[in-house]
Amino acid sequence: MKLQNMSAVVTGGASGLGLATAQQLAERGVSVVIVDMNVEQGNKVAQENGFKFVHGDVTNTDHMNAAYDQAEAMGPLRALVHCAGVGGPVRLIEKTGEPGSLEKYESIVRVNLTGSFNALRLAAVRMARNEPIDGERGACVLTASIAGYEGQIGQIPYASAKAGIIGMTLVAARDLASRHIRVCTIAPGLFDTPILAKLPAEVKSSLASSVPNPPRLGSANEFAMTALHILENPMLNGETIRLDGALRMAPR
């Protein structure tokens, strides 16, 4: 798909993986709408980069439709890069001896997995109305995690949700094939994002050294490069791409 004369929506676009992706899309001349819960940061980066910002919860249909309306006002919506997500520790048996929180589990799964379905279904309806160009109407990139394959202790809600996204990918690609819309997923390993930025330097260094090659944390720009390649390469469909430097997560 040629990244021209089109609009794109990037969720979680105010920081980290989403911001880098939005920036690279804008550099190609794509009209970009970012969706994020952080109003202050969202407005700031939108102004700095020439994006449009929509304050939105990815599980909320009205919020996502507002973002897609904004995108379509700038050009045909042909790309979704869905980066929004949350984490949080839950164990089956907490250290107190109490069972893990069902409410917290459901909340994390809802944002990560249900939010992915919601963003994808609503984008697909808009893309299906586009005129095909070179046999394509649009492409969607979801974000999983290698935790969806090798979740660590305490990651059970996050790993469950990311495994669900991996499982969703091929089915979605098959579902949308007749509409000429592609769906792929990126499963990042350890990336230098605002979440990891809060960790002490020695912890970050230890995490970086656990990556076989290159022995460092991934950069948000490397994620963005992969997302744009998926959008541009018409044969990439129904695939989850591990972006992890050959890392396999240990139990803890």
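Note: the structure precedes this text.
What you see is a predicted model; the values in this text were computed from it and never measured.

Undergrad: Is there a simple way to think about the overall build of the chain in this case?
TA: If you tally the helices and strands in the chain, you get nine helices and seven strands. A compact globule built from 252 residues would reach a C-alpha radius of gyration of about 18 Å, and the chain, at 18 Å, matches this within 12%. Looking at the chain as a whole, 48% of its 252 residues qualify as buried. Taken as a whole, the chain presents about 12,000 Å² of accessible surface, with 53% of it coming from carbon and sulfur. Side-chain charges of the chain comprise 23 positive and 23 negative groups, with the mean position of each set lying 3 Å from the other.

Undergrad: Would you mind going over the packing of helix α3 (residues 61–72) against helix α4 (residues 102–127) with me for this structure?
TA: How two helices sit against one another is set out by the angle between their axes and by the gap between those axes. α4 packs onto α3 with a crossing angle of 35° between their chain directions and a minimal axis gap of 10 Å. The way α3 lies across α4 gives a crossing that is right-handed. Between α3, through T61, M64, N65, Y68, D69 and E72, and α4, the contact on the second element is made entirely by N118, A119, R121, L122, A123 and R126.

Undergrad: Honestly, the pattern of salt bridges in this entry has me stumped. Any pointers?
TA: Charged atoms that come close allow side chains of opposite charge to pair. Going through the model one piece at a time under the given rule, you end up with 12 salt bridges. A salt bridge links K2 to D134, with the shortest nitrogen-to-oxygen separation between them at 3.1 Å. Here K2, found in the segment before β1 (7–11), pairs with D134, found in the loop between α4 and β5 (138–143); they are 132 residues apart in sequence, far enough to count as distant. Per residue, the accessibility class of K2 equals that of D134, and both read exposed.

Undergrad: Sorry if this is basic, but what is going on with the sheet that holds strand β4 (residues 77–82) here?
TA: The strands making up a sheet associate through backbone hydrogen bonding, with each pair oriented either parallel or antiparallel. Sheet architecture is open: seven strands sit in the order β3-β2-β1-β4-β5-β6-β7, paired in parallel fashion. The outermost strands of the open sheet, each flanked by one partner alone, are β3 (52–55) and β7 (240–243). Each neighbouring strand pair of the sheet contributes to a mean axis angle of 20°, computed without reference to strand direction. Of the pairings in the sheet, the one linking strand β2 (residues 31–36) to β3 comprises four bridges and is parallel in character. Across the sheet, V33 pairs through a bridge with K52, a residue of β3. Strands β4, β5 and β6 (181–188) of the sheet are contacted by α4, whose axis makes an angle of about 170° with β4.

Undergrad: Help me out: how do you make sense of unusual backbone geometry in this one?
TA: Residues apart from glycine generally show negative phi values, whereas peptide bonds are mostly found in trans. With an omega of 0°, the peptide bond between N213 and P214 qualifies as cis. With respect to the helices and strands, the residue P214 is situated in the loop between α8 (201–209) and α9 (220–232). Unusually for a residue other than glycine, D134 sits at a positive phi of about 55°. Even without a glycine there, the phi angle at H180 is positive, about 65°. When you line up the elements, H180 lands in the loop between α6 (156–176) and β6.

Undergrad: Even after reading the chapter, I still don't get the environment of A201, so can you show me in this structure?
TA: Along the polypeptide, A201 turns up in helix α8. The exposure class assigned to A201 is exposed, which follows from its relative accessible area of 59%. Residues A201 and I153, spaced 48 residues apart in sequence, show a C-alpha to C-alpha distance of 22 Å.

Reading the values: rules and limits
- Residues numbered from 1 in each chain as written.
- Predicted model: local features only at pLDDT ≥ 70, side-chain atom pairs only at ≥ 80, totals over all residues.
- Heavy atoms only, no water.
- Helix = DSSP H or I, 4+ residues; strand = E, 2+ residues; numbered from the N terminus.
- Rg over C-alpha atoms; globule rule 2.2 N^0.38 Å.
- Buried < 20%, exposed > 50% of the residue type's maximum accessible area, 1.4 Å probe, protein only.
- Areas by Shrake-Rupley, 256 points an atom, 1.4 Å probe, with all protein chains shown as cover.
- Lys, Arg positive; Asp, Glu negative; His and termini not counted.
- Charge placed at Lys NZ, Arg CZ, Asp CG, Glu CD.
- Axes fitted to C-alpha atoms, helices over the stretch in contact; angles between N-to-C directions.
- Left-handed = near helix turned anticlockwise from the far one by under 90°.
- Contact = heavy atoms within 4.5 Å.
- Salt bridge = Lys/Arg side-chain N within 4 Å of Asp/Glu carboxyl O.
- Pairing = 2+ DSSP bridges.

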